[in-house]
Structures are given as structure tokens and as C-alpha cells.
Amino acid sequence: MAAEEKKEYWRWQENCWIDESKDWRTAKIITAGIDVGSVSSQAVICVDGEIFGYNSMRTGNNSPDSATNAINGVLDKAGMKLSDVTYVIGTGYGRVNVPFAHKAITEIACHARGANYMGGSTVRTILDMGGQDCKAIHCDEKGKVTNFLMNDKCAAGTGRGMEVIADLMQIPIAELGARSFDVDIEPEAVSSTCVVFAKSEALGLLKSGYTKNKVIAAYCQAMAERVVSLITRIGVENDFFITGGIAKNPGVVKRIERLLGTTAVQTKYDSQIAGALGAALFGYTLMQKQAATKVAVAA
Amino acid sequence: MIANYGYKDGSGEYYISIDTDQCIVCTAGRACLTACPKEMFEPMTDDYDDEVIAVKAPFRRTLAYDCADCKPSSGYTDLPCTKACTPGAIKHSW
């Protein structure tokens, strides 16, 4: 009997993209940002302060290798070498373990800077729903952080929690959001604040007659309520922007918007690259400052 | 910048908020560093190259327990850290 193939319902789409309309060979400053998160790693390349390409993939069990794989993916696609990049900044959970980075900056500052680029200078409140933590950030018109808080104590309200539910329900993670709306009545949120207990509660709901869609809706609502309680602590000022993998889950995003009474700004870019993009933009600013200092000294 | 260190769990919200703009021009001589009996605070250079005060990483997930000895139930009428920070940059959420 052939072994049954184990389907990985939690596996999300990895992504590599290059802006074919830009020619990196004519750029003056090429910078890269590497965001090594607990679940996903991203590399973004900017040419003269504009996004040129990115790679988003799952983090392995080794931060330096994850960083190297992420940057190699986008470099290969662009026909570049690492030596073509002027400056590299590491960010995220594994930021100090990026072997080729010149500097490390926290993901809080980088997400604010990235959201400022992706959502525009009117973005003031950012919710980063990462793999294993959740951050609420307030920033000014330049993307500088003015207030932040982070919750990384448990996996409830994070991407990892959603992966666990996808596996439990045996539904691909990309379908969870849409399916959460396919319910006759919006259920109460699951009550557990811990993903392990939420999993047990979800099983209990299934046994009590809930459909899978209804359980998913209850979990999406719980996740939304959890992050909204975090973000209201720093206050919500429009425009509002969501970064991280959960931003791709409409089941959570729409419920957050409903609870906050606002709409999140849409972006054409992958919401997961905000941290790496911010890091690359920080690198560009640093290079510009260094060049200006050299000119001043020479004069 | 207001930096909130701490967490929310099933038992409540435990955050120490630090107004780092006040840390940059600290008029209390960084008294918080020695006022905390558990030495939970440390100076650090933030992402914008300003020297500010932060809660040390190992304490950020255990504040409810680490600060318990300084709360009114343990005999203190004022928290040593907030009392030492005369500009009022440090606040507890609970």
C-alpha cells in the first residue's frame, strides 16, 4: 500500500519578484534589507531608495543560512552578486545572525519605515502580525516610531497560531480567510488566549457540531480581538496599515477593521516584506548621509 | 518615542512604558538604573542613535512577577523606578 502523502496545510506561498523596468547597473546606491523572522525570512533590494526586488521564504533552523538563502534568491533572479550591494542591514528576530550585514536595526523601526514606503506618508498606525509575535506601532510622517508595543509571549494572535489551525482543520492556510466568511451566523470568538488551548477548544467546537468554517471564523475573530486589544493600547490614528503574513488573511483583516471602525490601507507589495524593505531604506539613508559627509569634508 | 515593554496574557496587561524623549535629556541622572532592586533597566542606543533606557530583555516576559515585590501589596507606597524617574518618563500599566 502506498504511503499516504502528508499534506502541509500550513505551507504558505513563497515569493520572489524583480522589477524588470529598473536597471540596477545604472544605480548609484544599492542597498539590501534582510528580515530573518521566526517563521519567514525576507530579502529586499533597493536601488537608489526604490524597491527593486524581493524574496520571501520560510526560515529554516539556522538564521545565517536563512539570511543567505533569502538574499541569494533575489540576487540570482536579478543577475547580481552580493558584492554589487553597497550596504546591507539585518533586522528581525535573527538580525544579529546575518553574516553579511553591516548593521542591525530592530524590526519595529524597520516595519514603520517599510510601511511608510508601502502605504504612504499618511500611515500613522501599523499592526505587524508576525509569525510568533505581534507589534503595534505608531509613527510620524517620515516613518519614525513614536510609540510601540510588542507581544511575543505566546503564539495566539500570530501567524504560527493560524498555521496550527490550518493543519488542524486540514484546509490550506491561504483559504482560511475566505472560508471564515462562509458561515450562516458569525460565531463567538474562541475564548482561549493560548494557541494550545485554542486548538483544544476548536476540537471541542467541531465535536459539538460546528462546521469547519464556523470554527475558523471563531478563531479569526479571537485573533482579531486579541490584536485589537493590543493596538488600542497605543491608540489608532489613521491611516492604518497591516504588515506581516496575516495581512493576507481577509478573515482576520476584515474583522480587525470592523472592530476598529477603520479600513486598512492596501498595498501592491507583499505585506511580509515591510521589515526587510524598511531595513534596505535605512541603509539607503545611511549611505546618503555618508556621501554627504564625504562631500562636506572634501570641501 | 513611547516604548512599551511587557505583555498581555490571560491574567492581565503588564507593560512598563518609557518615554524615551525624556531619557535623551534625563534630568534625574539615570537614577532608574540603581533604583530598581532587580536592576531591570539598562541604557541602550536606539535605532535613531539616541541613548535611552530600556527594560532588559529577560524581564520583558515576566514583569508581573519581577515587579510584584515593589507593588503596594509588598509594602511600597511608590514604585522605586517611577519615584526615581523625576521627569516622569517611566509608567506601569498595572
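For the structure itself, look to the data block above.
Here goes a summary of the coordinates provided.

The subject of this paragraph is the overall build of chain A. Tallying secondary structure elements over chain A gives eight helices and ten strands in all. Relative to the compact-globule value of 19 Å for 299 residues, chain A shows a C-alpha radius of gyration of 20 Å, a close match. Along the three orthogonal principal directions, the C-alpha set of chain A runs to about 75 × 55 × 35 Å. When the 299 residues of chain A are sorted by exposure, 52% land in the buried category. A separation threshold of at least 6 residues defines the contact pool for chain A, and within that pool the share at least 24 residues apart is 72%.

So, on to the pairing of strand E4 (residues 50-58) of chain A. Consecutive residues of a regular strand have side chains that alternate between opposite faces of the sheet. Residues and elements named next belong to chain A. In this structure, strand E1 (residues 15-18) lies alongside E4, joined through four bridges in antiparallel fashion. Each residue of the ladder has a partner; that of Cys 16, found in E4, is Asn 55. Relative to E4, strand E3 (residues 40-47) is paired through eight bridges, and the arrangement is antiparallel. By the bridge assignment, Ser 40 is partnered in E4 with Arg 58. Between E3 and E4, which pair antiparallel and follow one another directly, the connecting turn spans two residues, one of which, Asp 48, has a positive phi of 50°.

This brings us to helix H3 (residues 159-169) of chain A. Residues and elements named next belong to chain A. Of all eleven residues in H3, eight are buried; the element is thus mostly enclosed. As for H3, its buried residues are in contact with strand E7 (125-129), helix H4 (176-179), helix H5 (195-207) and helix H6 (212-234). Gln 170 occupies a position one or two residues after H3 and carries a positive phi of about 55°.

Criteria and cut-off values
Residues numbered from 1 in each chain as written. Chains lettered and ligands numbered in written order. Predicted model: local features only at pLDDT ≥ 70, side-chain atom pairs only at ≥ 80, totals over all residues. Helix = DSSP H or I, 4+ residues; strand = E, 2+ residues; numbered from the N terminus. Rg over C-alpha atoms; globule rule 2.2 N^0.38 Å. Buried ≥ 20, exposed ≤ 12 C-beta atoms within 10 Å, placed from the backbone. Contact = placed C-beta atoms within 7 Å. Pairing = 2+ DSSP bridges.

Read these as layout, nothing more, since geometry by itself doesn't imply function.
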